[in-house]
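Residue-level structural notes
The primary structure of each chain is shown beneath.
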Amino acid sequence: MPLENVRLETVRRRRRCAVVGLGARARLFTEALAGPYADRIELVGFCDVNAHRMAVHNDWLAADPGREPVPAYAAEDFELMLREERVDLVVVCSVDRTHDQYIVRALEAGCDVVTEKPMTTDATRARRILDAQRRTGRDVRVAFNYRYNPVHSAVRQCIAAGEIGEVGSVHFEWLLDLRHGADYFRRWHRDKANSGGLMVHKATHHFDLVNWWLGTSPETVFAQGGLFFYGESAGRRRGLARSYTRAHGAPAADGDPFAVRLADSPVLRSLYLDAEGEDGYHRDQNVFGPGVSIEDDMAVLVRYASGATLTYHLTAYAPWEGYRVSFNGSSGRLELLVEETTWVRPDAVGSEGSSPVMHGSAVGEEAGRTELLLRRFWEPPREVKVAAGEGGHGGGDVRMLADLFGSRTGDPDDLGRAADATDGARSLVTGLAANRSFETGAVVRARDLLDV
């Protein structure tokens, strides 16, 4: 074969990809890899602690004509999978506290990595990842889908263009509704050792956005937070507690708007209820039961290297879901309002086929609005029109997948949306410092935890 043809075949060779952690979120990646990006990437392996969940994902893949099941490997056979399947790329969707184990081992095996957020859950694990990435020279991408939401891109464009001058302060309020917020207190996330708490698992999205919007990094953090609404004590105090450990099969859970009924959702039944025999994991724990070690109401004050400050609040028990962000600048103010839901129906979680978390068109009559207002000095306010994104997270999921797995031809990513391991660490450090401040009551220097 002529040399130019050899080179062409090398370029055309599909990258071989494996997915580790086959919970619900992994479906976003498996469907993309086996569908629109199958001409560029070949899905060659699944790895999980639970064989049943891998079988469910394979059933979903095989339901589409022309798609074949993927070889499945137990968690302890991760390196074996990398060797036998000649893996080039690993997508990590496992429990947060295990991310570093798979990321580092994949890098050391010569693979590139795409990891779900948060990149990991503490500073020691983050340093392990950063050290491995530098040592191996391989790529680590963090799946910050919110960077790809069109309205968030518009915010970055406005700030970068100097529309409000130099940014002096940011006020950021994020509300999780009674459906989505409660779900963190049913799952493994309720244990801080697994997730780092909502300051790490959830707010890493938001702290990354601020880092990206302002092009800076955090220097000092002060925070206060606690368990106000969920958990055993608060449930008893407000008369919300019910005497069940998990909802399935518990008469005490009947009629409880905070209980998720796994049997009523084909996806949740197949991935979790039918998989319990292998690992004993219960996806439907009582949000007002014992064992909750994360916070549900958190306030954070951050100073950045640029001199800007951030006041941030996360509430996990709100009647509506969405967020408000305001940027105060030397030439004006930029205001973003996103209402993902305006209210929550009390039967929303338990209704047949529903998911505890809903986005976009799935929310139906509960859907709200998005508004981006530019208020320059001496001028009337002007709405910045942004085309609504289709798909999950305001269109962010679709665009992120295209950037991760597609071709960037014609889209050079001028906004710098692609997030690497350093970005992942910078998003973590604010949440880690906030957790430290919760414990000590002191201002925490970000560099003392993680020098990024």
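Above: the structure in question.
Presented here is an overview of the structure given in this document. These figures come from a predicted structure and were not determined experimentally.

**Comments concerning the pairing of strand β10 (residues 309-318)**
- The buried fraction of β10 is high, at seven of 10 residues.
- Of the strand pairs in this sheet, strand β9 (residues 297-304) and β10 are connected by seven bridges, and their pairing is antiparallel. For Val-302, the partnering residue across the bridge sits in β10 and is Leu-310.
- Counting the residues that bridge the hairpin from β9 to β10 gives four residues, and of these Gly-307 lies at a positive phi of roughly 100°.

**Topic: the pattern of salt bridges**
- Scanning the model with the defined rule gives 40 salt bridges in all.
- As a salt-bridge pair, Arg-333 and Glu-335 come within 2.6 Å of each other at their nearest N and O atoms.
- When its relative accessible area of 18% is taken as the criterion, Glu-335 is described as buried.
- Each of the salt bridges in this network shares a partner with another, and the network as a whole consists of Arg-14, Arg-16, Glu-42 and Glu-85.

**Brief notes about the nonpolar core**
- In terms of nonpolar packing, the biggest core is built from 95 residues, with Met-199, Trp-213, Tyr-230, Tyr-312 and Phe-327 touching the most fellow members.
- The element best represented in this core is helix α16 (residues 421-440), accounting for eight residues.
- For Tyr-230, the contacting residues outside a window of four places in its chain are Leu-178, Gly-181, Ala-182, Phe-185, Phe-258, Val-287, Phe-288, Asp-296, Ala-316 and Tyr-317.
- With 25 residues, the next largest nonpolar core counts Ala-32, Leu-89, Val-114 and Leu-401 among its residues.

**Things to note about the environment of Phe-377**
- Tracing the sequence through the fold places Phe-377 in the loop between β13 (370-376) and β14 (382-383).
- Taking relative accessible area as the criterion, Phe-377 reaches 44% and is therefore assigned partly exposed.
- Separated by 52 residues in sequence, Phe-377 and Val-429 place their C-alpha atoms 34 Å apart.
- Leave out the neighbours within four places in its chain, and Phe-377 touches Gly-329, Ser-330, Ser-331 and Gly-332.

**Quick notes on the sheet that holds β14**
- Spatially, nine strands are ordered β14-β13-β12-β11-β7-β10-β9-β8-β15 in an open sheet, and the strand pairing comes out mixed. Because the sheet does not close on itself, it has two edges, and the strands there are β14 and β15 (444-445).
- Judged from the eight bridges that link them, strand β7 (residues 167-177) and strand β11 (residues 321-329) form a sheet pairing that is antiparallel. Within the sheet, the bridge partner assigned to Leu-175 lies in β11 and is Gly-322.
- Lying over the sheet, helix α7 (residues 150-160) contacts β7, β11, β12 (332-341) and β13, oriented at roughly 175° with respect to β12.
- Its contacts with the sheet place α16 against β8 (218-226), β9 and β15, and it is angled at close to 50° to β8.

**Some thoughts on the packing of aromatic side chains**
- Within the structure shown, the criterion is met by 21 aromatic pairs.
- When the ring of Phe-78 is compared with that of Tyr-102, the centres are 5.0 Å apart and the planes differ by 70°; the resulting orientation is edge-to-face. Of this pair, Phe-78 sits in helix α4 (residues 78-84) while Tyr-102 is found in helix α5 (residues 99-108), placing the two residues 24 residues apart along the sequence. The exposure classification of Phe-78 matches that of Tyr-102, with both residues buried.
- The interplanar angle of 65° and the centroid separation of 5.9 Å between the aromatic rings of Phe-229 and Phe-288 together place this pair among those described as edge-to-face. A residue pair is termed long-range when its members are at least 10 positions apart, and Phe-229 in the loop between β8 and α12 (232-237) and Phe-288 in the loop between α14 (276-279) and β9 qualify at 59 residues.

Rules of the game
- Residues numbered from 1 in each chain as written.
- Predicted model: local features only at pLDDT ≥ 70, side-chain atom pairs only at ≥ 80, totals over all residues.
- Heavy atoms only, no water.
- Buried < 20%, exposed > 50% of the residue type's maximum accessible area, 1.4 Å probe, protein only.
- Helix = DSSP H or I, 4+ residues; strand = E, 2+ residues; numbered from the N terminus.
- Pairing = 2+ DSSP bridges.
- Salt bridge = Lys/Arg side-chain N within 4 Å of Asp/Glu carboxyl O.
- Core = buried A, V, L, I, M, F, W, Y, C linked by side-chain atoms within 4.5 Å.
- Contact = heavy atoms within 4.5 Å.
- Axes fitted to C-alpha atoms, helices over the stretch in contact; angles between N-to-C directions.
- Phe/Tyr/Trp six-rings, centres within 6.5 Å; stacked < 30°, edge-to-face > 60°.

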